[in-house]
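# Results of the structural survey
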Amino acid sequence: MQKAVFLDRDGVINVDKAYVSKIEDFEFYEGVFEALRHFQSLGYLLIIVTNQSGIGRGYYSEEDFQKLTEWMKETLLHVKINIDAVYHCPHAPEANCACRKPKSGMFEEAIRAFDIDVKASWMIGDKPSDMEAAQGVGIDNTILLSQTCEGGVKYCVNLILDTINLIQH
Ligand SMILES: [Mg+2]
Ligand SMILES: [Zn+2]
């Protein structure tokens, strides 16, 4: 079995500017490269799980999302970071799908595809719905990037760089 760090995208990898769909609006957070490289060096898979309801709402297309994703992965490869997979939910909330966080569909898919040991894995997100989705599949190592620590989360930190201190082996 493999271990993984699951990451939300908007608000974790890049600044959440609401419905980011263009390269020029995609701003990597400071410290994100260092953090991802650290997890990778410890042998974690890097898996992004992201709600992209902007597709279902018609704000941008599936193709726009895939283009941005390719660019993001390429940019990270240039700094020696390999993203193992990106799962996205394209649905609007009213579609009531099984993949939109706080539901766990994207995690279930990744766990099957990569044979992931949930107890050895982590979730980093910026919303309680990220935490809930991870907990739904038994990931107890949850880190919320937030000034205010809400209930049911294992750790809360202000900066992505702080997660390096929490994920040590
Ligand atoms: Mg987010
Ligand atoms: Zn969905």
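Position numbers for residues start from 1 in each chain and track the written sequence from start to end. For naming, the first written chain is A and the first written ligand is 1, with later ones following in the order written. In keeping with the model being predicted, local features are shown solely for residues with a pLDDT of at least 70 and side-chain atom pairs are shown and tallied solely at 80 or more, while totals for entire chains, interfaces and linings include all residues. Excluded from the side-chain calculation are hydrogens and water; included are all heavy atoms of the structure.

### Overview of the coordination of the zinc ion (ligand 2)
Each donor-metal-donor angle would ideally measure 109.5 degrees in four-coordinate tetrahedral geometry, or 90 or 180 degrees in six-coordinate octahedral geometry. Counted as donors are N, O and S atoms no farther than 2.8 Å from the metal, or 3.2 Å for Na, K and Ca; water is not among the atoms, and sites may therefore look incomplete. Taken together, Cys89 (SG), His91 (ND1), Cys97 (SG) and Cys99 (SG) make up the full set of protein donors to the zinc ion (ligand 2), lying 2.0 to 2.3 Å away. Metal-centred angles of 101 to 118° between the four donor atoms at the zinc ion (ligand 2) mark the site as tetrahedral. Ordering the donors of the zinc ion (ligand 2) by residue number gives the pattern C-x1-H-x5-C-x1-C. Each residue is placed in one exposure class: buried if its accessible area under a 1.4 Å probe, protein chains only, is under 20% of its type's maximum, exposed if it is over 50%, and partly exposed if it falls in between. By relative accessible area, which is 30% here, His91 ends up partly exposed. The class for Cys97 is buried, based on a relative accessible area of 14%. Working rule for geometry: tetrahedral if four donors all subtend angles between 85 and 135 degrees; square planar for four, octahedral for six, if opposite donors exceed 155 degrees and the others stay between 65 and 115; irregular in every other situation.

### A few points about the UniProt feature "binding site: Zn(2+)" (unreviewed entry) in the protein chain
UniProt's entry tags Cys89, His91, Cys97 and Cys99 with the feature "binding site: Zn(2+)" (unreviewed entry), counted in the numbering of this structure. Per the convention used, a helix needs a DSSP run of H or I reaching at least four residues, while a strand needs a run of E reaching at least two, with both numbered from the N terminus. Within the fold, Cys89 resides in strand E3 (residues 85-89). Whether two residues are in contact is decided by their heavy atoms, any of which lying within 4.5 Å being enough. Setting aside chain neighbours within four positions, we find Cys89 in contact with Thr50, Asn51, Gln52, Ser53, Cys97, Cys99, Arg100 and Met106. Within the secondary structure, Cys97 sits in the loop between E3 and helix H4 (105-114). Excluding its chain neighbours within four sequence positions, the residues that come into contact with Cys97 are Cys89, His91 and Lys103. UniProt positions are given in the numbering used here, feature names are shortened, and annotations may be inferred rather than shown by experiment.

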